[in-house]
Structures are given as structure tokens and as C-alpha cells.
Amino acid sequence: MGFGDEVAKVLRIMQMEKKVYKDYLPMEAVDAGSEMVKSVEPLWEGVKKSICSLLEREMPYSSPYASVWWYSVLLQIEKTPDAVFRFISYIRRHKNVFSVNTQCFLYYQISLLVFTQREWNTEKIKLELWSFYKEIIEEFAEEAEVPLEEIPEPKRNKNLVVVVTEQFLDIRHGPTKTVLDRCKILIEEMGKEVILIDSCELVSLEGKIPFYGVQQGGRNKKTDEKEQMWKGAKIPYIRCGNSMPDIEIINWFLQKLRSMAPGWVLVIGGGGILGNLLGKMVPSISIGTVPSELGITCTKYQTLGRKLTQQDIDYLIQAGRTKEQVIEGIFTSSLKPQEEHITKGMLGIAESSFLIAVVGYRLADEITKDFLEMLEEVLQENMHVAFWGKFCKYEEKIRDYPNLKKKSSYFGVCDDILSRMEVSDLYLNPVRKGGGTSCVEAMFQGVPVVTVNYGDVSVNAGKEFCVENYREMQEKILRYCQDNEYYTVMSDKAKKRAEALLDTKTEFVRIMKEAEFREQGKKKKENALCRNN
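What you see is a predicted model, and the numbers here were worked out from it, not measured in a lab.

A. Representation of the confidence of the model for the protein in the model. With 97% of its residues at a pLDDT of at least 70, the protein reaches an overall mean of 92. Here helix H1 (residues 3–21) stands out as the least confident element of the protein, with mean pLDDT 80; strand E12 (residues 426–429) is the most confident, with 98.

B. A look at the nonpolar core. In terms of nonpolar packing, the biggest core is built from 87 residues, with Trp 70, Ile 110, Ile 197, Leu 254, Leu 277 and Leu 278 touching the most fellow members. Look past the residues within four positions of Leu 254 in its chain and what remains in contact with it is Ala 144, Val 146, Leu 148, Leu 277, Leu 278 and Met 281.

C. Spatial organisation of the packing of helix H5 (residues 81–93) against helix H6 (residues 100–116). Here H5 crosses H6 at 170°, and the two axes come no closer than 12 Å. Of the possible angle classes, the one that applies to H5 and H6 is roughly antiparallel. Where H5 crosses over H6, the handedness of that crossing is left-handed. Here Val 84, Phe 87, Ile 88 and Ile 91 of H5 come into contact with H6, specifically with Leu 106, Ile 110 and Val 114.

D. Up close: the state of the cysteines. Across all of its chains, the model carries 0 disulfides by this definition. Cys 240 provides the cysteine sulfur closest to Cys 200, a residue in no disulfide bond, and the two sulfurs are 6.1 Å apart. Accessibility expressed as a relative area gives 1% for Cys 200, which makes it buried.

E. Focus on the environment of Thr 165. As for its placement among the helices and strands, Thr 165 is situated in strand E1 (residues 157–165). In this structure, the C-alpha to C-alpha distance between Thr 165 and Glu 507, residues 342 residues apart in sequence, is 20 Å. Ignoring anything within four residues of it in the chain, the contact list for Thr 165 reads Val 179, Leu 196, Ile 197, Asp 198, Ser 199, Cys 200 and Ile 268.

F. Expanded view of H5. Look at H5: 18 Å from first C-alpha to last across 13 residues, which is about the 18 Å you get at 1.5 Å a residue. Buried within H5 are the following residues: Ala 83, Val 84, Phe 87, Ile 88, Ser 89, Tyr 90 and Ile 91. Where the residues of H5 are buried, they touch helix H4 (64–77), H6 and helix H7 (123–143).

G. Region of the structure containing unusual backbone geometry. In this chain, Met 244 is followed by Pro 245 through a cis amide linkage whose omega measures 0°. The residue Pro 245 is located in the loop between strand E4 (233–239) and helix H9 (247–260) in this model. Phi angles above zero are rare outside glycine, and Lys 231 is one such case at about 50°. The residue Lys 231 is located in the loop between strand E3 (227–230) and E4 in this model. Judged by relative accessible area, Lys 231 falls into the partly exposed class, the value being 44%. You will see that Ala 261, though not glycine, has its phi angle at about 50°, which is positive. Along the chain, Ala 261 falls in the loop between H9 and strand E5 (262–268). On the accessibility criterion, Ala 261 (4% relative accessible area) is buried.

H. Molecular detail of the side chain of Asn 121. Along the chain, Asn 121 falls in the loop between H6 and H7. Residue Asn 121 is classed as buried on the basis of its relative accessible area of 15%.

I. Layout of the pairing of E3. The alternating pattern of E3 places Gln 228 and Trp 230 on a buried face, while none of Glu 227 and Met 229, on the opposite face, is buried. Here E3 pairs with E4 via 4 bridges, running antiparallel. Residue pairing for E4: Glu 227 is matched across the bridge by Pro 236. In textbook terms, the turn of a hairpin is the stretch between consecutive antiparallel strands, and for E3 and E4 this stretch comprises 2 residues, one of which, Lys 231, has a positive phi near 50°.

J. The arrangement of helix H19 (residues 470–482) in detail. Given a rise of 1.5 Å per residue, 13 residues ought to cover 18 Å, and the 18 Å separating the end C-alpha atoms of H19 matches this to within 8%. Of all the positions in H19, only Tyr 470, Met 473, Gln 474, Ile 477, Tyr 480 and Cys 481 are classed as buried. Looking down the long axis of H19, one finds its buried residues gathered within 130° of arc, a one-sided arrangement. Turned more than 90 degrees away from the buried face of H19, the exposed residues are Glu 475 and Gln 482. Measuring from the side-chain oxygen of the N-cap residue of H19 to the backbone nitrogen of Arg 471 gives 3.1 Å; that N-cap residue is Asn 469.

What counts, and at which threshold
- Residues numbered from 1 in each chain as written.
- Predicted model: local features only at pLDDT ≥ 70, side-chain atom pairs only at ≥ 80, totals over all residues.
- Heavy atoms only, no water.
- pLDDT = per-residue confidence, 0-100.
- Helix = DSSP H or I, 4+ residues; strand = E, 2+ residues; numbered from the N terminus.
- Core = buried A, V, L, I, M, F, W, Y, C linked by side-chain atoms within 4.5 Å.
- Buried < 20%, exposed > 50% of the residue type's maximum accessible area, 1.4 Å probe, protein only.
- Contact = heavy atoms within 4.5 Å.
- Axes fitted to C-alpha atoms, helices over the stretch in contact; angles between N-to-C directions.
- Parallel < 35°, antiparallel > 145°, perpendicular 65-115°, else oblique.
- Left-handed = near helix turned anticlockwise from the far one by under 90°.
- Disulfide = S-S within 2.5 Å.
- Expected span 1.5 Å × (residues − 1).
- Pairing = 2+ DSSP bridges.
- Arc of directions from axis to C-beta.
- Polar contact = N/O pair within 3.5 Å; in protein donor to acceptor, adjacent residues only side chain to side chain.

Structure below.
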């Protein structure tokens with residue numbers, strides 16, 4: 001069946017949905033939408049846009065469940081920021097039709113798409129998502145059976161910090177190491193009691209409805225663990241379970257933690273429903289896991305891994321926040337200790353090769369045609385590219401690039417990435433938000449980084465390792481390969497930069513003390529106003 005037949009079939013189904021089904025999505029619609037996405041993929045962008053215009057005219061807008069499915073299909077065809085914004089706005093206008101869990105499901109699905117698509121990462125879209133997120137938090141707050149008003153300072157246990165993460169995996173996972181590092185420092189350097197809660201909320205499927213290409217967040221499989229050991233620190237640990245966000249479980253935690261009255265709630269990432277509701281009762285701070293940009297959160301304070309710009313400040317105002325709620329700093333990491341030493345030969349690569357490393361867990365999405373074309377053009381006879389991580393479409397992606405096919409290898413996930421960086425000569429970063437931890441691992445081994453000036457890697461690496469586009473990236477690759485003196489200078493700079501990025505103890509203690517200082521200052525101002533009135 002050709003793409004015209006597939007489109008015609010979808011249009012007939014949409015018309016039938018409006019006439020007959022009302023807010024019901026027949027299986028025929030799911031199958032037809034999926035087939036249409038595949039059939040129109042090779043078409044020119046202008047043709048795709050025309051198809052999307054036809055589909056939007058026939059969209060069953062009075063049927064929100066059906067419309068969500070068709071919007072999620074359209075996003076695979078018309079990959080424009082306007083289409084994403086219209087989708088989020090539609091959901092917000094019809095949010096009363098959906099359960100709060102379904103709203104949460106939709107928020108995470110769209111957020112994940114925005115995370116992986118640079119062109120969708122616009123202020124307009126993020127503000128719409130932030131508004132949606134706040135509405136979800138408030139709807140859960142209305143369902144809470146526990147008082148959420150702030151616990152007075154004298155009644156709070158200043159020595160207790162509750163740490164909430166929406167996802168806890170293993171030590172290969174950067175945000176998991178971020179959680180463990182902060183817990184260890186709170187315990188050993190700041191003398192705090194810590195309770196670590198894995199809320200299992202990130203990209204949850206609770207409230208799931210038909211959505212094209214639905215994703216699910218990974219979960220810690222060890223459900224019976226009561227504590228986590230990290231570099232000698234024993235951290236009390238509670239895992240909520242895979243049904244989150246579940247209002248009954250949330251109410252149980254709110255009741256328990258209100259009676260414990262911690263001094264602070266520290267959330268990793270946005271904080272999820274549980275973390276943000278706890279943050280209504282006591283001072284809260286979000287440690288962003290995307291240090292290059294302001295995260296979407298409802299905590300009182302949040303961190304940013306770079307200096308605020310005027311554009312950031314204007315963005316915060318539109319989001320209903322202030323620059324005083326943002327603590328600037330360095331996003332620090334910790335590294336899994338190296339376990340072995342290898343050679344290029346042990347990987348099946350010539351020892352004389354200039355080895356270029358590309359590392360990531362979402363490489364199938366992050367490695368684009370532009371990146372592949374850049375590599376195809378630049379690779380010299382003595383170069384080899386090694387892909388580490390998850391790249392499920394490797395063979396399919398490189399099929400049409402004979403030079404790259406000959407001079408590249410995919411090694412999968414590696415438990416000892418430092419040993420692989422030790423034999424690498426260059427760390428190359430595609431345009432993406434993530435990858436911040438792996439670039440630190442490279443720099444720790446003295447491996448220079450080349451990255452476009454966007455995302456976490458650019459923030460971590462610093463301006464000296466950034467380029468403006470893939471054309472400049474090609475020039476840098478060649479220079480690193482051919483200019484030994486330049487390579488040595490930049491290798492030394494990489495090591496020095498890594499030292500700062502690994503000093504979590506100094507930086508995190510400073511951030512927490514700054515948050516405490518701002519909170520005390522805020523209380524003094526409030527008390528002064530009360531006395532004056």
C-alpha cells in the first residue's frame with residue numbers, strides 16, 4: 001500500500017471517529033497511524049507538511065483521547081516546534097478530561113521528546129510544559145490528605161535531609177551517581193541524617209493512554225534494598241514501587257515525613273510529584289541533571305551549572321520565578337573507579353589509529369544524518385570511531401556511509417568506561433542535551449573534547465572545547481589528529497577541567513550553604529515586614 005492509500009485510510013478513520021466513536025480509539029486507528037508514519041518517512045518535507053495539514057483539519061478535537069493519539073503520530077511527521085506547542089496547549093485545554101495520572105504520563109512522554117529534539121527545546125515550549133507541570137502538581141496537592149502548609153522552622157529537624165530521586169538505577173547511570181555523591185557528602189561532610197527515596201516516577205506508565213512511540217523509564221530491579229553503600233557511606237534507602245505516582249503511596253510518605261519534619265528536601269532533577277509536594281512543607285532545592293539549562297521544577301530553589309543570562313532571568317519571570325531562586329555553580333560528577341587497562345589492539349583496532357570515542361545511552365536518536373555525514377567526510381585512513389553505550393540502530397544508520405562503516409565499531413554498554421577513554425584520543429559529542437558525565441570521564445584521562453556549543457557537554461567541557469557547528473568540528477578533529485603540540489596543550493587543559501568537575505565535596509557544600517543562607521535571609525525579611533506591619 002502506498003503512502004497516499006495510508007493517508008486516505010487515516011482520514012477515513014478520523015471522520016468515522018467524529019461521527020461514530022466519540023472519545024474512543026479503535027485498534028484500527030492505532031494500526032493505521034503506525035503504518036502511515038512508516039510510509040511517509042522517505043517523503044520530502046513539503047509533502048509531509050501538506051499531509052499534516054490534511055490530518056489536522058480532520059482531527060477529532062472533541063475527542064481528547066483520540067486526538068492525543070493522532071497528535072503523537074503527527075509529531076513523527078511534522079517535527080516542528082509549532083506542532084509540539086499546539087499539542088501541549090491542546091492537552092492543557094482538555095486536561096479535565098484526563099485523570100491526573102494520565103496528565104503526568106503525557107507530561108513525561110512529551111518532555112522526553114523535547115529532551116531529545118534540539119529544535120523543540122524552545123522557551124515557548126518549555127514555558128508551556130512548566131505551566132502544565134505546575135497544574136499537575138497542584139492537582140495532586142488537592143488530592144493530598146495531609147496538610148501541606150510549611151512546617152514552622154523551630155519544629156523542623158535541621159539535621160535531617162530527605163533526598164528524592166525520580167529514578168535510581170546503577171552506578172553506570174550519571175544521575176544515580178549524582179544522588180549517591182550528594183547523600184555521601186550530606187552525611188560525611190555536613191553531618192546530616194539522610195533518607196534517600198526512589199520515587200520511581202520518571203517516565204512512568206501509570207495513566208497510560210495510546211501514544212505513538214511510548215517510552216518507559218528504567219527502574220532499579222532490586223526492590224528489597226533498605227540501604228545503599230557508596231564509597232564507604234551507608235545511605236538509608238526506600239523504593240516506592242512501580243505504581244507511582246500513586247496518591248495513596250504519596251499520602252503515606254507525606255504523613256510520615258510531615259511527622260519527621262526534615263530540615264530540607266533535596267530533589268534530583270525536577271523532583272516529581274512526591275518531591276515537589278514535600279517541598280511545600282519544608283525548604284527544598286532541586287539539583288538539576290541537565291546543568292546547561294534551567295530545569296522544570298516547583299522547588300523553592302534550583303541549581304544551574306553555568307552563569308545566569310538576562311535571557312534566563314526573563315524566562316524565569318515568565319515561569320513565575322525569580323533569579324534569587326537559582327543557585328549558579330559547577331555541576332560536579334564522580335567516576336566509577338577504573339578496573340582494568342586495555343589496548344586498542346584488544347578492541348580489534350590498530351594501535352596506531354587515532355581513536356575517536358562517541359558515548360551515550362540514546363545514540364540511536366542522537367546520531368543524526370548530519371553527524372554521520374560529517375564523520376564520513378572527515379575520517380582519514382589512520383582514524384577509527386568507537387561507539388560506546390546503546391546504539392540499537394548502528395548497522396542501519398551507517399549502512400549508507402562506506403568510509404564510516406569501514407572505520408567504526410560499536411561496542412555496546414561498557415562497565416569500565418575509564419579504561420576505554422584511556423585508549424581513546426578524542427571524545428566527540430553529537431548535538432544533544434545529555435552526555436555530561438562521559439565527557440568528564442574522557443577529560444579525566446586527558447582526552448580532549450570536541451562538542452557543539454549546546455547541551456551539558458558544552459557546559460562541562462568549557463568554551464575552549466566548543467565549536468559552532470559540524471563543519472568546525474571537522475576542522476578540530478583534523479587539528480587534534482595532526483598537531484601534536486596543540487593536542488598536548490589541550491590534553492593538559494582537559495585534565496585540569498576534570499579536577500574542578502570532580503570536586504563535588506567543595507561545590508555541593510557551597511551550594512547547600514548558599515541555599516541555607518538565602519532561606520535565612522528570606523525569613524529575616526518576612527519577620528521584619530511582620531514587625532513593621
